[in-house]
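Here are the chains, one letter per residue:
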Amino acid sequence: MLETTGERGDRTLRVRIFDRGDSAPPAEVLDDQVFGRLDHRLLVDDPDGWTREISFGVRETPALPEWLGEALQSARHLRLNAGDDLAIAVRSKFLPRLEDALGPLSAAGSPVDVAKDNMDAGLRHAARINHARLHDGSTDLQPSFVQLRSGDEQVELSVYPFWDQDFRDGLRRLDVTDDGSAVVPVADFAGAVIERLGERAVKPPIAD
């Protein structure tokens, strides 16, 4: 049985499997990090004769590691759905806050100031590319890939930077905020910016 909950970009698919087992799945399966999302329960007097239910959830947008989510709390951002990537969008105005939050987590092992400078160069380059592509009507946006580490865990965060006005246009068009609570498909956000640009282009000038 399949069940889907949530909105586009942040949906969860719940898979429920029924069988005639009479015990929990093996401990090595339940304890494994890959299969740790498995839930199970024994059924009593099921009308179809099933005796056990095993279920698990699959998120449309992968969850951020706890340590990364905590770091991002100090930097305004919008979660993006970009396939299997961990992805966020940030306006240029708040890039320094993001760099302050992520600099100490750089996987390169360089001094924090160096990590922040390198991050800033990549983010501002991608922001210029995205501004040009959006104003050319393209939804093919460019992320800046940031390598981060905490303890033994290393991840790659895809950061999509935007010029301030472009970012505001996308937020207003979709009626979302950049407090990290919403998740939007990256193509939808780009499309929203382009639509707003089109509206502004055809708006009649104010008479003198």
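You'll find the structure just up there.
Reference entry: report on the structure contained in this document.

Conventions adopted
Residues numbered from 1 in each chain as written. Predicted model: local features only at pLDDT ≥ 70, side-chain atom pairs only at ≥ 80, totals over all residues. Heavy atoms only, no water. Helix = DSSP H or I, 4+ residues; strand = E, 2+ residues; numbered from the N terminus. Buried < 20%, exposed > 50% of the residue type's maximum accessible area, 1.4 Å probe, protein only. Contact = heavy atoms within 4.5 Å. Areas by Shrake-Rupley, 256 points an atom, 1.4 Å probe, with all protein chains shown as cover. Arc of directions from axis to C-beta. Expected span 1.5 Å × (residues − 1). Pairing = 2+ DSSP bridges. Axes fitted to C-alpha atoms, helices over the stretch in contact; angles between N-to-C directions. Phe/Tyr/Trp six-rings, centres within 6.5 Å; stacked < 30°, edge-to-face > 60°. Salt bridge = Lys/Arg side-chain N within 4 Å of Asp/Glu carboxyl O.

As for the overall build of the chain
In step 1: When helices and strands are tallied, the chain shows six helices and nine strands.
In step 2: When the 208 residues of the chain are sorted by exposure, 38% land in the buried category.
In step 3: For the chain, the share of sequence-separated contacts (at least 6 apart) that also reach a separation of at least 24 residues comes to 57%.
In step 4: Put simply, the chain shows about 12,000 Å² of open surface, and 50% of that area lies on carbon and sulfur atoms.

Let's talk about helix 3 (residues 95–102)
In step 1: Listed in full, the buried residues belonging to helix 3 are Leu 95, Leu 98, Glu 99, Ala 101 and Leu 102. Within helix 3, the buried residues cover an arc of 160° as seen down the axis, which keeps them to one side.
In step 2: In the core, the buried residues of helix 3 are packed alongside helix 2 (66–72), strand 6 (85–91), helix 4 (112–135), strand 7 (144–150) and strand 8 (153–162).

With respect to helix 6 (residues 186–202)
In step 1: Here helix 6 contains 17 residues, and its C-alpha end-to-end distance of 25 Å stays within 8% of the 24 Å for a straight helix at 1.5 Å per residue.
In step 2: The complete set of buried residues in helix 6 reads Val 186, Phe 189, Ala 190, Gly 191, Ala 192, Val 193 and Leu 197.
In step 3: In the core, the buried residues of helix 6 are packed alongside strand 5 (77–82), helix 4, strand 8, helix 5 (164–174) and strand 9 (179–185).

Digging into the sheet that holds strand 7
In step 1: Sheet architecture is open: five strands sit in the order 7-8-6-5-9, paired in mixed fashion. At either end of the open sheet lies a strand with only one pairing partner, and these are strand 7 and strand 9. Averaged over all neighbouring strand pairs, the angle between strand axes comes to 35°, with direction disregarded.
In step 2: Helix 3 contacts strand 6, strand 7 and strand 8 of the sheet and is inclined by roughly 140° relative to strand 6.
In step 3: Sitting on the sheet, helix 5 is in contact with strand 5, strand 6, strand 8 and strand 9, with an inclination near 110° to strand 6.

Considerations on the pairing of strand 7
In step 1: Taken together, the seven bridges between strand 7 and strand 8 define a ladder with antiparallel strand orientation. Bridge assignment links Gln 147 to a residue of strand 8, and that residue is Glu 156.

Brief notes about the packing of aromatic side chains
Given two aromatic rings, their pairing is described by the distance between the two centres and the angle made by the two planes.
In step 1: Using the criterion set out here, one finds three aromatic pairs in the structure.
In step 2: Consider the rings of Phe 162 and Phe 167, whose centres lie 5.9 Å apart with planes at 50°: the pair is tilted. One exposure class covers both Phe 162 and Phe 167, and it is buried.
In step 3: A centroid spacing of 5.1 Å and a plane angle of 75° characterise the contact between Phe 162 and Phe 189, whose relative ring orientation is edge-to-face. One end of the pair, Phe 162, is in strand 8; the other, Phe 189, is in helix 6, with 27 residues separating them in the sequence.

Description of the pattern of salt bridges
In step 1: In total, this model carries twelve salt bridges according to the counting rule given.
In step 2: In this structure, Asp 178 engages Arg 76 in a salt bridge whose closest nitrogen and oxygen atoms are separated by 2.8 Å. One end of the pair, Asp 178, is in the loop between helix 5 and strand 9; the other, Arg 76, is in the loop between helix 2 and strand 5, and 102 residues separate them in sequence.
In step 3: We classify Arg 76 as partly exposed; its relative accessible area is 34%.
In step 4: A salt bridge links Arg 124 to Asp 120; the nearest nitrogen and oxygen atoms lie 2.9 Å apart. Taken together, the residues span about one helical turn, with Arg 124 and Asp 120 both in helix 4 at a distance of four residues.
In step 5: One connected set of salt bridges, linked through shared partners, spans Arg 173, Glu 195, Arg 196 and Glu 199.

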